Amino acid sequence: MTHFKLPSPFCSSPLDWKQKLSLSVLLLLCLLPTLLISIFSQYSFWLNFALIATSLSCLGLALAIFPFFWALFIYGLGLAILLPLELSSMLGIGCAFNYGFLESVMGTTMKETWAAIKPFSLYLILFILLIASYFFVLLKFIPRKPRLRWCYLPIAIVSLLLLLYGSFYLTSYFFKSNNPTTTPTNYVAKRALSTAFPTKYVYLFGDYLLVSLRSRSAIQGRQAFIDTLTVAVKPTDTVIGCLFLGETSRACSWQLAGYPYPTTPRLAHRENVIFFPDAYTAANYTTQSIKRIVFPTTEDLSVDWKASPLVQELAKKAFGPGRTVMVTNQNDERSVYEGYGYLLLNVSDRHFFMDSLRNLQSPPPDAVLIPPMHQVLSSPLLGSHFFTIWGWGGHWFYPDCYPTDDTVFTPCIGPDFNGDLVSPSEDIVLKIRNSYNNTIAHTDFVLDSIISLLEATKLPSFLLYIADHGENLYDDQRYLHHHGDAGGTHYDCHVPLLVWYSDSYEKRYPGAVAAMKNSRKESVSAIDVYSTLLQLLRIHSPWLDSSKCLASPAYVSHKVRNVFTSDGLVHIAPPFPPEERARIDSIIASFQ
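The structure contained in this document is the topic of the report that follows. It should be emphasised that the depicted structure is a prediction, and the values quoted were computed from it without experimental measurement.

## Some words on the packing of helix α3 (residues 45–65) against helix α9 (residues 185–193)
Thought 1: Packing of α3 against α9 brings their axes to within 9 Å, and their N-to-C directions diverge by 60°. By the angle between their axes, α3 is oblique relative to α9. The handedness of the crossing between α3 and α9 is right-handed. Touching L47, A50, L51 and T54 of α3 are V188, R191, A192 and L193, all from α9.
Thought 2: When the residues that make up the contact of α3 with α9 are grouped by side-chain class, the tally is 6 nonpolar, 1 polar and 1 charged.

Okay, here's the thing in structure tokens:
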């Protein structure tokens, strides 16, 4: 039977009605990611117009240059590879795929990836069916040869470029008409190209590659910068300092912050622990948060790690060789953090990397960090030292973060958990929260153990603990899980911050302890940690800012705290929920 084919002046070969219908369906599927981004992100009408015009222009350009079949085949491969990233970001952290999510993906293990995917197995099956249907229709109904006639190619390209620029101009124009302070066309173009499919992936991965290359160059020339640093330390000042970088721990689940369950019983009964109940992170995901803890950072969260020193680098200059130690179960190749992560992990004189299998599985629980600390702290003629401990804390998958034998809160999810994380039942939410509470109980054990080792030295010593960010646990009507959503939430921004000090430290430096007891009543930020560490280590440096030093009487409380989130923007920190605010105010009122 011969099918009647409709001639077309624009196409090199005629297409019948089935082929045209199939082509229309596939074109719509190619626009699906941008339509999802527009709907999910709730952008304004004109920005959505610019996003769709960008996707249409890219798709039209591919169809103009290549035969229809091969253009759609290439787009189908893009959908198969990139759409899972988009869906994972939307379902996992509640926002479209962005640079922050990309940074996290590049530092993710296979086991973490599988743990994140398993709860979305139903969506994964639907996605596989969608992609299979796409390629079935493509292979079944779209012939290989038809393409746009060559004589129309210049007209098509010019038309598509005009559509692209016109959408940017119109969007910028109407933004201006409603808000005169809005940035012009080039901002709209950048926003559309970095948000629409598929240009966003070229933009984001290209940006990531450029940052990585620049970071490697900066690291190579690091020593010349370090040689310019000047520090001063009194010969009589002997201090053992420890910075413990926690992972994914939210303050509102800590007993010390008024949580009604015993998640931190050891620390709660320890003397000489100063807890800062009103502390916020500077970023709600690790790659940007850690940077703003270990480098000097301004109030607007600007940080130039290439032109400023780590505390470890200043400690090396102050204490001499062999006195800085890194202990971590993070990956020793985690240079994804713009290069500064590699610098942070490797700048110390001695290194203990406790996770040689990081690329295959999640790191071991943080208890593995205790033996290296014992090894160094039990050595004779210890002298001044600065330790950096970077743990795994309460990162998802929670059951991997604590030994099964140390389970405190039940019922909880197990290693074989495969439940729904998008809209879990109340029973599943309870198990997830209990499992998360077990990670904090394990952190309590690890911190208490390391404090005991510091205490046993009888030397002036301290430990400062801060988490990089918190975690969402289906706390409000948004029903969010994980962390890193655009704009941030109270639950992934409010973090535990505490300082333990030895009796001998207080005896030697009573002013620093008194200042911290006073500043714990204030609204503090992770950007205060840098100067606080320098003060506690007794390192005199031009990089120490007394107004951001919790151990200084000149400390200034933050009237406004900012948070950098995964959309690449700085936001005012989200407010406390009323019940959380009342709990924190009650704790602050109890301070003498």
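## Side note on the sheet that holds strand β3 (residues 240–246)
Thought 1: With mixed pairing, the 7 strands of this open sheet are ordered in space as β4-β12-β9-β3-β8-β6-β7. Each edge of the open sheet is held by one strand with a lone partner, namely β4 (273–275) and β7 (350–353). On average, each strand axis in the sheet is inclined to that of its neighbour by 10°, with strand direction left out of account.
Thought 2: Two strands pair when backbone bridges link them, and β3 and strand β8 (residues 385–390) are joined in this way by 6 bridges, in the parallel orientation. Residue pairing across strands places F244 opposite I389, the latter belonging to β8.
Thought 3: With respect to the sheet, helix α18 (residues 426–456) is in contact with β3, β8, β9 (461–467) and β12 (497–501), its orientation differing from that of β9 by roughly 160°.
Thought 4: Where helix α22 (residues 529–536) meets the sheet, it contacts β3, β8, β9 and β12, and its direction lies at approximately 175° from that of β9.

## Let's talk about empty space enclosed by the protein
Thought 1: For the coordinates displayed, the defined rule picks out 3 cavities of 30 Å³ or more.
Thought 2: For the largest cavity, the calculated volume is near 40 Å³.
Thought 3: Forming the boundary of the largest cavity are L29, L32, L79, L83, L130, I131 and Y134.
Thought 4: Taken together, the elements giving at least two residues each to the lining of the largest cavity come down to α4 (68–93) and α7 (121–141).
Thought 5: Tallying contributions element by element places α7 first for the lining of the largest cavity, with 3 residues.
Thought 6: Here the lining of the largest cavity is built from residues that sort into 7 nonpolar, no polar and no charged.

Thresholds, definitions, all that
- Residues numbered from 1 in each chain as written.
- Predicted model: local features only at pLDDT ≥ 70, side-chain atom pairs only at ≥ 80, totals over all residues.
- Heavy atoms only, no water.
- Axes fitted to C-alpha atoms, helices over the stretch in contact; angles between N-to-C directions.
- Helix = DSSP H or I, 4+ residues; strand = E, 2+ residues; numbered from the N terminus.
- Parallel < 35°, antiparallel > 145°, perpendicular 65-115°, else oblique.
- Left-handed = near helix turned anticlockwise from the far one by under 90°.
- Contact = heavy atoms within 4.5 Å.
- Nonpolar A, V, L, I, M, F, W, Y, C, P; charged D, E, K, R; others polar.
- Pairing = 2+ DSSP bridges.
- 1 Å grid on protein atoms, 1.4 Å probe; cavity = no way out; pocket = protein on both sides within 12 Å on 5 of 7 lines; lining within 4 Å.
- Points joined across faces, edges and corners; volume = space filled by probe spheres on them.

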